[in-house]
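As a plain string of letters, each chain reads:
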Amino acid sequence: MHDDRTLVESRLKRVLDERIRPAVYPESVPLTVGIWTAPGEPVPVAEGLAAPRSPIAVGDAWGAPWGTSWLTVTGTVPQAWAGRTVEALIDLGFDANMPGFQCEGLVYRPDGTPVKGLNPQNQWVRAASPAVGGEPVLLHVEAASNPVILDYHPFLPTELGDKETAGTEPQYKLTRMDLAVFDETVWQLVIDLEVLGELMAELPVESARRWEILRAVERALDAIDLQNVNKTAPQARSALNTVLSTPAAPSAHRISAIGHAHIDSAWLWPLRETVRKVARTTANMTALLEDEPDFLYTMSQAQQFAWIKEHRPEVYARVRKAVADGRFVPAGGMWVESDTNMPSSEAMARQFVHGKRFFLDEFGVENHEAWLPDTFGFTGGLPQIIRNAGSKWLLTQKISWSQVNTFPHHTFLWEGIDGTRIFTHFPPVDTYNCSMKGSEIAHAARNFKDKGVARHSLAPTGWGDGGGGTTREMVAKAARLKDLEGSATVRWERPAEFFAKAEAEYPSPPVWVGELYLELHRATLTSQAKTKQGNRRSENLLREAELWCTTATLRTGAAYPYEELDRIWKTVLLHQFHDILPGSSIAWVHREAEATYAALATELEALIGRAQQALAGDAGGAHDLVFNAAPHERSSVPAGGAAATPTTPGNCTATERPEGGFTLHNGLLDVVVDTEGLITSVTEVASGRETVAPGTRANLLQLHPDFPNMWDAWDVDQFYRNTGTDLTDVDAITATTHPDRASVRIERSFGSSRVVQTLTLRAGEQRLDIDTEVDWHETEKFLKAAFPLDLHTERYAAETQFGHLYRPTHTNTSWEAAKFEACNHRFVHLDEPGWGVALVTASTYGHDVTRTVRDTDGGTTTTVRFSLLRAPRFPDPKTDQGLHRFHHALVPGATIADAVREGYRIGLPERRVTGSEETVAPLLTVDNDAIVVSAVKLADDRSGDLIVRVYEANGGRARGRLTTSFPLAEAQPCDLLERPWEGTRGDVTLTEGAVDLTLRPFELVTVRLSTQG
């Protein structure tokens, strides 16, 4: 037989495009349209429905950037359409390729009841079925004219990302406003042919199945009268029955599909628009669940459920019913799909606490999976947090974006820094926006790396990022792929059902140890520095507020601010979403985030101030109390306590050197600063050990060009290192000496920017503090601060949640070389046996570590560089412009324990309060510094019990005794949700009124303490 494949395939494409798809709506009449545009921000539904309308026609422009217009469409069903299915077709000016990234709409009935959302892939609204001739049609559309930020030429700078700069030019033109007959038979034929055509294209040319499909398609096309498609569609469908009913091979890959719309809680739109995106999508999905009995839908992010509950109660009622029916599945158990690299230990824990508790309280649903399809890499501390939250599975897709190394598994056990293992799945479909295309399904089957030992994978199905969700076309395709020869099989299944099956069939999966590093989007550790600083400050203030408010409640009977702390935590957790905290959202988002953090700081400072004053006593008293919120004793003040500690003058000096520059001295460290304001020597006095590598200078600011190939705010590409400028020019350098400190101040100018640094030694502290103020006005530049250290080490430690992880300093393999920019929390630590150095930071996350061998003496120079600022132009063209302040410290002779201690201290400074009390005893003490108290708070159930969270911080086994300053009745180990720990836990025992703890390396333990009486 002659090979006529191309002929038939080309025929199929043209007939589908030009004849069959247009015949889905064979008859139509225009609708009449009126419009009213809200003058400012979105208005309540009742106001939008009641507002006067002005005429508007197809082809007319509408919609200033970020505006809201209310459209009313009216029409009458023609008498000839009686008994048929009629739909309104509403095209607001959509681009079919941009669902979720442009204008959208939510349709309402005249009484204000939401019907469904409108987007480029979902432009229809069922008007009548069966229709009654002469029946009136009246619908309202709340239309959002969100501008296109990520266009066909992506990453071009645009002012459209903030309402304040976006202008008022209309963005869209009404394209279609019709009432039309819907021919379901033709629509089903379209799906038949799409499924078979897409499957055929994925099969080997030599396979018999491909040719069977080709001939069946040819017979179906022969059966169609191109001048009367609607009449002949049934015959065409009959020609396809045999090939559509042939079952899949028993060995076929099995895909668990779940309806999904990954909705970014903010990204190329502000938070207020996400509220409406969620309402549009959930309205669509609840409607689709009613129409399609086999369909199942899942949504993560408790915050998004909370938004619907608050802003669209009618939609939320439908969601609650669908959840109760088991059809709408809450997933993930987190407040938002957060970044996991940068949130603190407690913040990461609270993501699960608030997320899981919301689902339990609202729906009675306990999630066992973490659902993070789009997060930019995963820290080694996360498995333990997942397990302590009562969950056991993880799903993500993002690691498939890695540029260099292909991850070797799709289903595996992920082992965290403490040894906890989590059953993890990466969907081999390689997208969280699966649309049931044949190419996607075939890719999932081919790509699946665990063939021979497993055969299940999961496919999140629906338009995402900007929302939209699953379409009726996707559901129809899935129905045909349920059991079809040549294809993987597809079933709608809940995430928990998938994980249970996958775990059962794969009892001994491979193990991946340590972080799941994404070889992409590394610059999100640096972009939008003020957002990151606001997050870190909020985390620190929340720790203090909980500690001091708890202490004040138990000591003085002061009211505990349950509601305030709950609300503030949820706001901070929201802003840890994986496009807010990473700095990859539009200007509007970060402008609002900065204002929000400032307001939270004011509120938290007030809570802390009230609690500390209650503890200190009369503000007119004679004692100047120092409060210590850090988990270790400081200046003779115990952790979690306060005491009056007079300042003792030290022997700090700043001496001018004969050759220029200065030497700082405090009896513990000698620091030499040269005439260019750079550190040439830091010597530990006791050991005589030099910190700075020979022939180098530390605290060197370096400026690099920064123009990645893609994803400006997200990425830094390795070639940025090829070119750089050392900032050595000095405008001024001065030194000052105080009784308790000595400092050198350095002023520099470069480009359009200015920097002032202050290097400070304090009495009694083996630490050099570095305060940096940058007035930053560069564009597409990357600012680093370099510290070349005289250390030979093959690895270094970087703090992460509830511990630290090790990364190599070398680049033996492509996996190591790809980690050229990485995350730390409060410290990095490097050491040789017997001596080490810690670099600590108040709010800088990104860093790099490199090593070279010196020609002069053969020694090794290991250089740590903190990433301070960037200046990408997309999606915020003014990223990081303005004034910034950073605080770092260099700690020579530091052990890991010293790094942990200094890391906490740099973000939790002493607070001084005048009062009548001489001391405030801590609520509790732990007699081993390796056991760090992460949180002290009252139980969320308002029982009055005390919740204490501790972890082993040094990476070794630790025993310690937790002693309280009040009599204990019970000590109960519990999970993060403060429920009794399932099973036994022998590492927490109540003995003689104290709690004995035995912890494994990095082990996290939460204890509920009940008082006597």
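Here goes a summary of the coordinates provided. (Residues numbered from 1 in each chain as written. Predicted model: local features only at pLDDT ≥ 70, side-chain atom pairs only at ≥ 80, totals over all residues. Heavy atoms only, no water.)

## Regarding the overall build of the protein
For the protein, the count of helices and strands is 19 helices and 54 strands. Against the globule reference of 31 Å for 1013 residues, the protein gives a C-alpha radius of gyration of 31 Å, in line with a compact fold. Along the first, second and third principal axes, the C-alpha set of the protein runs to 100 × 70 × 60 Å. Long-range pairs, those at least 24 residues apart, make up 75% of the contacts in the protein with a sequence separation of at least 6. When the accessible area of the protein is evaluated, it comes to approximately 36100 Å², of which 50% is carbon and sulfur surface. For the protein, the centre of its 99 positive side-chain charges and the centre of its 133 negative side-chain charges are spaced 4 Å apart. (Helix = DSSP H or I, 4+ residues; strand = E, 2+ residues; numbered from the N terminus. Rg over C-alpha atoms; globule rule 2.2 N^0.38 Å. Contact = heavy atoms within 4.5 Å. Areas by Shrake-Rupley, 256 points an atom, 1.4 Å probe, with all protein chains shown as cover. Lys, Arg positive; Asp, Glu negative; His and termini not counted. Charge placed at Lys NZ, Arg CZ, Asp CG, Glu CD.)

## Points about the sheet that holds strand β48 (residues 931-938)
Taken together, four strands build an open sheet; the order of strands is β48-β49-β54-β51 and the sheet is antiparallel. Looking at which strands have only one partner, the edges of the open sheet turn out to be β48 and β51 (968-974). Within this sheet the neighbouring strands show an average axis-to-axis angle of 25°, counted without direction. Here helix α10 (residues 345-363) sits on the sheet and contacts β48 and β49 (946-952); the angle it forms with β48, its principal contact strand, is near 45°. (Pairing = 2+ DSSP bridges. Axes fitted to C-alpha atoms, helices over the stretch in contact; angles between N-to-C directions.)

## A look at the environment of Leu31
Examined against the element boundaries, Leu31 turns out to sit in the loop between β1 (28-30) and β2 (32-37). Considering only alpha carbons, one finds Leu31 and Leu89, 58 residues apart in sequence, at a separation of 9.2 Å. Filtering out sequence-adjacent residues up to four positions away, Leu31 remains in contact with Val73, Thr74, Gly75, Ala88, Met177, Asp178 and Leu179.

## As for helix α1 (residues 5-20)
Among the residues of α1, Arg5, Val8, Leu12, Val15, Leu16 and Ile20 are the ones counted as buried. In this structure, the buried side of α1 is in contact with α3 (184-202), α4 (208-223) and α5 (229-238). (Buried < 20%, exposed > 50% of the residue type's maximum accessible area, 1.4 Å probe, protein only.)

## Re α5
Looking at α5, one finds that the buried residues are Val229, Thr232, Ala233 and Ala236. What you see down the axis of α5 is that its buried residues fit within an arc of 135°, all on one side. Check the buried side of α5 and you find it contacts α1, α3 and α4. (Arc of directions from axis to C-beta.)

## Some details on the packing of aromatic side chains
Within the structure shown, the criterion is met by 40 aromatic pairs. Ring plane angle 45° and centroid distance 6.5 Å describe the contact between Phe295 and Tyr297, whose orientation is recorded as tilted. Each ring, one from Tyr560 and one from Tyr562, has its centre 4.7 Å from the other, and the planes form 65°; the classification is edge-to-face. Of the two residues, Tyr560 and Tyr562, both sit in the buried class. Taken together, the aromatic side chains of Phe295, Tyr297, Phe305, Tyr316, Phe328, Trp335, Phe358, Phe359, Phe363 and Trp492 make up a single cluster linked through ring pairs. The residue whose ring lies beneath Arg472 is Phe182, and the NZ or CZ to ring-centre distance is 4.5 Å. Here the guanidinium or amino end of Arg472 rests over the ring plane of Trp187, the centre of that ring lying 5.5 Å away. (Phe/Tyr/Trp six-rings, centres within 6.5 Å; stacked < 30°, edge-to-face > 60°. Lys NZ or Arg CZ within 6 Å of the ring centre and 35° of its normal.)

## Thoughts on the sheet that holds strand β9 (residues 124-128)
Pairing is antiparallel across the open sheet formed by four strands, whose spatial order is β1-β12-β6-β9. Of all strands in the sheet, those bounded by a partner on one side alone are β1 and β9. The sheet shows a mean angle of 25° between the axes of neighbouring strands, taken without regard to direction. Relative to β9, strand β6 (residues 86-91) is paired through four bridges, and the arrangement is antiparallel. Counterpart to Val86 in the pairing with β9 is Ala128.

## Section: unusual backbone geometry
The omega torsion of the bond from Ser129 to Pro130 falls at -5°, within 30 degrees of zero and hence cis. With respect to the secondary-structure elements, Pro130 resides in the loop between β9 and β10 (136-145). Geometrically, the link from Phe874 to Pro875 is a cis peptide bond, its omega value of 5° lying close to zero. Locating Pro875 in the fold gives a position in the loop between β43 (860-870) and β44 (882-892). A positive phi is found at Ser636, a non-glycine position, where the angle reads about 70°. Position of Ser636 relative to the elements: it lies in the loop between β23 (623-627) and β24 (642-644). Judged by relative accessible area, Ser636 falls into the exposed class, the value being 59%.

## Observations concerning the pattern of salt bridges
Within the structure shown, the criterion is met by 85 salt bridges. The residue Glu515 makes a salt bridge to Arg807 at a minimum N-O spacing of 2.8 Å. Placement of Glu515 in the loop between β22 (511-513) and α15 (529-556) and of Arg807 in strand β38 (residues 803-808) is noted, with a sequence separation of 292 residues between them. By relative accessible area, Glu515 is classed as buried at 10%. With relative accessibility at 4%, the residue Arg807 sits in the buried group. (Salt bridge = Lys/Arg side-chain N within 4 Å of Asp/Glu carboxyl O.)

## Section: the packing of helix α8 (residues 302-311) against α10
Contact pair α8 / α10: the axes reach a minimum separation of 9 Å and the direction vectors enclose 45°. When the interaxial angle is binned, α8 and α10 end up oblique. For the pair α8 and α10, the contacting residues are Ala302, Phe305, Ala306 and Lys309 in the first and Gly355, Phe358, Phe359, Glu362 and Phe363 in the second. Here the contact of α8 with α10 is built from residues that sort into six nonpolar, one polar and two charged. (Parallel < 35°, antiparallel > 145°, perpendicular 65-115°, else oblique. Nonpolar A, V, L, I, M, F, W, Y, C, P; charged D, E, K, R; others polar.)

## What about the pairing of strand β37 (residues 795-800)?
In terms of burial, β37 is a largely internal element, five of the six residues being buried. Strand direction decides the pairing type here: β37 and β38, joined by six bridges, are antiparallel. Along β38, the bridge assignment pairs Arg795 with Pro808. From the end of β37 to the start of β38, which pair antiparallel, there are two residues, and Phe802 there has a positive phi angle of about 50°. For β37 and strand β40 (residues 827-832), the ladder comprises two bridges, and the chain directions are antiparallel. Residue Ala798 lies in a different strand from β40, and its bridge partner there is Val828.

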